[in-house]
Amino acid sequence: MPHAIPLLSVWDGTLSGPVFVEPKIDGMRCTLICEGGTVTALWRDGSAADLPADVAAAVRALDGYADVVLDGELSGGVLWLWDAVQTDGYRAGHDPMPLYGRRRWLVLLAKRMHLIAMTPVRLVWQREVSTAAEVSALLTEVVVQGIEGLVVKDQKSSWSAGRTGAWCKAKLWDDFDGYVLGTSESLTTPGAVGALRVWAGESMPLASRPDDGYRVGHGLRKDCGSGSCAPTPGG
């Protein structure tokens, strides 16, 4: 069967009641299917996930635990988990258990796996907020910490594959599609890459188009100029 999971919509800046907010992890979506005494890890496209050895070893703590699918993101060598759903619900594309119940289940599983702050498999933190102003304030706080943004979730929502509006991303800037034209040199470190030059396409208003594209990123690794930058799981 196709691998189908919940996808993010864009937060419109309003709330109709209390919600859970979580950090938006910038990495590779990874789903753990625990069934028949084994654990199968899949990337977002349904292909088999080749997990780092220490992450795979921690995941094996779930061997023998039947009927659960764990959803998360692999980033920086850590598998961050944020949801748990029954395998029947996963295969049907819908599980009626509300998010607050699934979170409690996930916390119990975390205890089984002996997850602590320094293990390679961890729980994403979660907070309950009641107003849009609280979301905006927390969003500013996490972006300063280097986190991409927040995910705003209806705490009573069921688990459903695809985009439903129950999970929404909140960011301080908009995403766009573009072409990498090249790189520009660091202003402080000779020979190092300072930023990528990106062209966002002809749809960009002429008044805002630099001749050589936008410059994206800063403080990139000093060895990027030598072509030795290997992609990371979050790249």
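Note: the structure precedes this text.
Residues numbered from 1 in each chain as written. Predicted model: local features only at pLDDT ≥ 70, side-chain atom pairs only at ≥ 80, totals over all residues. Heavy atoms only, no water.

J.: Teacher, can you tell me more about the sheet that holds strand 10 (residues 150-154) here?
T.: Working definition: the strands of a sheet are paired by backbone hydrogen bonds and lie parallel or antiparallel to each other. One open sheet accounts for 5 strands, arranged 1-12-10-2-9; its pairing is mixed. Each edge of the open sheet carries a strand with a single partner, namely strand 1 (6-10) and strand 9 (127-129). In this sheet, neighbouring strand axes are inclined to one another by 45° on average, regardless of whether the strands run parallel or antiparallel. Alignment of strand 1 against strand 12 (residues 162-170), held across 4 bridges, turns out to be parallel. Paired with P6 across the bridge in strand 12 is G162. Of the strands in this sheet, strand 2 (19-23), strand 9, strand 10 and strand 12 touch helix 4 (residues 132-144), which is tilted by about 150° from strand 10. (Pairing = 2+ DSSP bridges. Helix = DSSP H or I, 4+ residues; strand = E, 2+ residues; numbered from the N terminus. Axes fitted to C-alpha atoms, helices over the stretch in contact; angles between N-to-C directions. Contact = heavy atoms within 4.5 Å.)

J.: Would you take a moment to explain the pattern of salt bridges for this structure?
T.: Two side chains with opposite charge may pair up if their charged atoms get near one another. If you walk through the whole model with that rule in mind, you get 6 salt bridges. Among the salt bridges present, the one from R91 reaches E35, with a minimum N-O distance of 2.5 Å. Of the two residues, R91 is situated in helix 2 (residues 87-92) and E35 in strand 3 (residues 28-35); the sequence distance between them amounts to 56 residues. By relative accessible area, R91 is classed as partly exposed at 36%. Among the charged side chains, a salt-bridge network with shared partners connects K24, E148 and K171. (Salt bridge = Lys/Arg side-chain N within 4 Å of Asp/Glu carboxyl O. Buried < 20%, exposed > 50% of the residue type's maximum accessible area, 1.4 Å probe, protein only.)

J.: I'm lost on the pairing of strand 3 in this one. Help?
T.: Each regular strand displays side chains that alternate between the two surfaces of the sheet. Most of strand 3 is tucked away: 6 of the 8 residues are buried. Looking at chain direction, strand 3 and strand 5 (residues 68-75) are connected through 7 bridges and run antiparallel. Note on strand 5: the bridge partner recorded for C30 is G72. Taken together, strand 3 and the strand that follows it, strand 4 (residues 38-43), pair antiparallel across an intervening segment of 2 residues, in which G36 is found at a positive phi of about 65°.

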